Amino acid sequence: MYSLTSTKSWHVDELQDLLARADWYQANPVTRPVHGTVATVFAEPSTRTSLSFQIAAQKLGLNVLNFSAENSSFRKGESLQDTLETLAAMGVDITVLRTTENWPTQVDASLFNMGLVNAGSGINEHPTQALLDALTIKQHFGTLRGLTVTIVGDVLHSRVARSNVDVLTKLGAKVQFAGPPEFNRDDISLLAPWTDFAQAVAESDVVMMLRIQYERHQQSLAMTEKDYHEQYGLTLSRAAKLRSDAIILHPGPVNRGVEIAGDIVHHPQSRILQQVTNGVAVRMAVLEYCLVGGCNAQLVSA
Ligand code: CP
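These lines cover the structure that appears in this document, whether it is placed above or below. Note on numbering: residues in each chain are counted from 1, in written sequence order. The model is predicted, so local features are restricted to residues of pLDDT at least 70 and side-chain atom pairs to those at 80 or more, both for listing and for counting; the totals for chains, interfaces and linings are taken over all residues. Heavy atoms from the whole structure form the basis of all side-chain values; hydrogens and water molecules are not counted.

## Regarding the layout of surface pockets
Here is step 1 of the chain: The method works on a 1 Å grid over the protein atoms by themselves. A cavity is a set of points holding a 1.4 Å probe that cannot get out, a pocket is an open set with protein on both sides within 12 Å along at least five of seven lines, and residues with an atom within 4 Å of a point line them. Grid points are joined across faces, edges and corners, and a volume is the space filled by probe spheres set on the points. Quantified by volume, the largest pocket comes out at close to 430 Å³.
Here is step 2 of the chain: Along its surface, the largest pocket is lined by 21 residues, and Arg98, Arg159, Arg211, Gly252 and Pro253 are the ones closest to its centre.
Here is step 3 of the chain: Among the secondary structure elements, those contributing two or more residues to the lining of the largest pocket are α2 (48-59) and α5 (159-170).
Here is step 4 of the chain: Here the term charged refers only to Asp, Glu, Lys and Arg, the term nonpolar to Ala, Val, Leu, Ile, Met, Phe, Trp, Tyr, Cys and Pro, and the term polar to all other amino acids, Gly among them. Of the residues that constitute the lining of the largest pocket, the class distribution is five nonpolar, nine polar and seven charged.
Here is step 5 of the chain: Lining of the second largest pocket is provided by 14 residues; of these, Phe42, Ala43, Glu44, Pro45 and Ala69 occupy positions nearest its centre. By definition, any uninterrupted DSSP run of H or I lasting at least four residues is a helix, any uninterrupted run of E lasting at least two residues is a strand, and each is numbered from the N terminus.

Right under this line is the structure:
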């Protein structure tokens, strides 16, 4: 069994294989190629990631266990390590894990024979989100090489931004950030250059809007949501300045009227629901990768 806990260890070839495999699954939706049991363990709320992993596993013909952290023995003080060892001992092959903290250092996967997939950890990684974003961009432009992608908003608290910098850069895109200066702190400026929002909207191939992640804030935002929307939201008038072939992304959940106008969600240049759709195929490719150790075209087409 293999794990996907970080994008950092992925090489360009593996990324390309996973994207090609996800594409393949979209073109060949009815397949039952692999066997095993997948548990989804979400210590934070989720709609898209949790359900798309469950749908992906079902489409692959896997058994799916939806572990409810709220009703589990976590509440009796059981540690994450002990919980994972317990799932492995029951025969779970892959656990899909979302944690509030950065990828938990107390987890020692060498103590059990089970794959782990990072479904979002703290502020540092959301590998499968970055993959589905890359797939969405590739489907529109044919390649990521040479594209300019601007990620706008609360990048400081965003695991999506961090994983996308790593994945999209490896695939040849130039990534930059924009938004309120108070989010341009700490390690952020080391990851990608900060740019003027209006200029970025006019020049980018991809504009990815992020919600304000209040649940991770240590202090209150210095402006009201109304002011935020006026200064940094993707409004209809700002969207009118996009290049004609540019696309709008958002990892969701969307806060309409804050980082993005409600009318933009279904704008002709928006690919927000396509991102959600792509999440299923990407997660099929990732689960297959973890179960069989690669994207095995022969196995699946057999
Ligand atoms: N993009 C994303 O991770 O959404 P969920 O929190 O709904 O899974």
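Let's pick the thread back up.
## Things to note about empty space enclosed by the protein
Empty pockets left among the atoms are what a rolling probe the size of a water molecule brings to light.
Here is step 1 of the chain: Counted by the stated rule, this structure contains two cavities of 30 Å³ or more.
Here is step 2 of the chain: Of the volumes computed, that of the largest cavity is approximately 90 Å³.
Here is step 3 of the chain: In terms of lining residues, the largest cavity is bounded by Leu156, His157, Glu182, Phe183, Arg185, His217, Gln218, Gln219, Ser220 and Leu221.
Here is step 4 of the chain: Among the residues forming the lining of the largest cavity, the class breakdown is three nonpolar, five polar and two charged.
Here is step 5 of the chain: Contributions of two or more residues to the lining of the second largest cavity are made by α2, α4 (127-141) and α10 (272-292).
Here is step 6 of the chain: In terms of residues, the lining of the second largest cavity owes the most to one element, α10, which gives five residues.
Here is step 7 of the chain: Classifying every residue of the lining of the second largest cavity by side-chain character gives four nonpolar, six polar and two charged.

## What to know about the site of the ligand
Here is step 1 of the chain: With respect to spatial proximity, the complete set of residues near the ligand consists of Pro45, Ser46, Thr47, Arg48, Thr49, Arg98, His126, Gln129, Pro251 and Gly252.
Here is step 2 of the chain: Under the rule applied, a polar contact is a pair of N or O atoms within 3.5 Å (in protein, one hydrogen donor and one hydrogen acceptor; residues adjacent in sequence only if both atoms are side-chain atoms). Contacts to the ligand include proline 251, whose backbone N or O atom sits 2.8 Å from a nitrogen atom.
Here is step 3 of the chain: Only the protein chains shown count as covering a residue, and every accessible area follows the Shrake-Rupley method with a 1.4 Å probe. When the ligand is considered free in solution it has 260 Å² of accessible area, and contact with the protein chains removes 92% of it.
Here is step 4 of the chain: Among the detected pockets, the ligand sits in the largest pocket. Throughout this document, a residue counts as near a molecule or strand when at least one of its heavy atoms sits within 4 Å of that molecule or strand. Just a note on the criterion: a molecule sits in a pocket or cavity if more than half of its atoms are within 2 Å of the grid points.

## Comments concerning the pattern of salt bridges
Here is step 1 of the chain: Salt bridges are identified by distance alone: a Lys or Arg side-chain nitrogen within 4 Å of an Asp or Glu carboxyl oxygen. Within this structure, the stated rule accounts for 10 salt bridges.
Here is step 2 of the chain: Through salt bridges with shared partners, one network takes in Glu44, Arg159 and Arg216.

## Regarding the environment of arginine 271
Here is step 1 of the chain: Counting through the fold element by element, arginine 271 comes out in the loop between β8 (247-249) and α10.
Here is step 2 of the chain: Sequence separation between arginine 271 and isoleucine 247 is 24 residues; the distance between their C-alpha atoms is 6.6 Å.
Here is step 3 of the chain: Among all residues touching arginine 271, those that are not within four sequence positions of it are Thr136, His140, Ile247, Ile248 and Leu249.
Here is step 4 of the chain: In this structure the side chain of arginine 271 is engaged in a polar contact, spanning 3.0 Å, whose partner is the backbone oxygen of proline 268. We call two residues in contact when some of their heavy atoms are within 4.5 Å.

## Focus: the sheet that holds β8
Sheet strands line up and pair through hydrogen bonds in the backbone, either parallel or antiparallel.
Here is step 1 of the chain: The strand order across the open sheet built from four strands is β6-β5-β7-β8, with neighbouring strands paired in parallel fashion. Here the strands that pair on one side only, and so sit at the sheet edges, are β6 (174-178) and β8. Sheet twist, expressed as the mean angle between neighbouring strand axes with direction ignored, is 20°.
Here is step 2 of the chain: For two strands to pair, DSSP has to find at least two bridges joining them. In this structure, strand β5 (residues 148-152) lies alongside strand β7 (residues 206-209), joined through four bridges in parallel fashion. Within β7, the residue paired with valine 152 across the bridge is methionine 209.
Here is step 3 of the chain: The axes are straight lines fitted to the C-alpha atoms, using for helices just the contacting stretch, and the angles between their N-to-C directions are given from 0 to 180°. Strands β5, β7 and β8 of the sheet are contacted by α4, whose axis makes an angle of about 170° with β8.

Read these as spatial facts, not as claims about activity.
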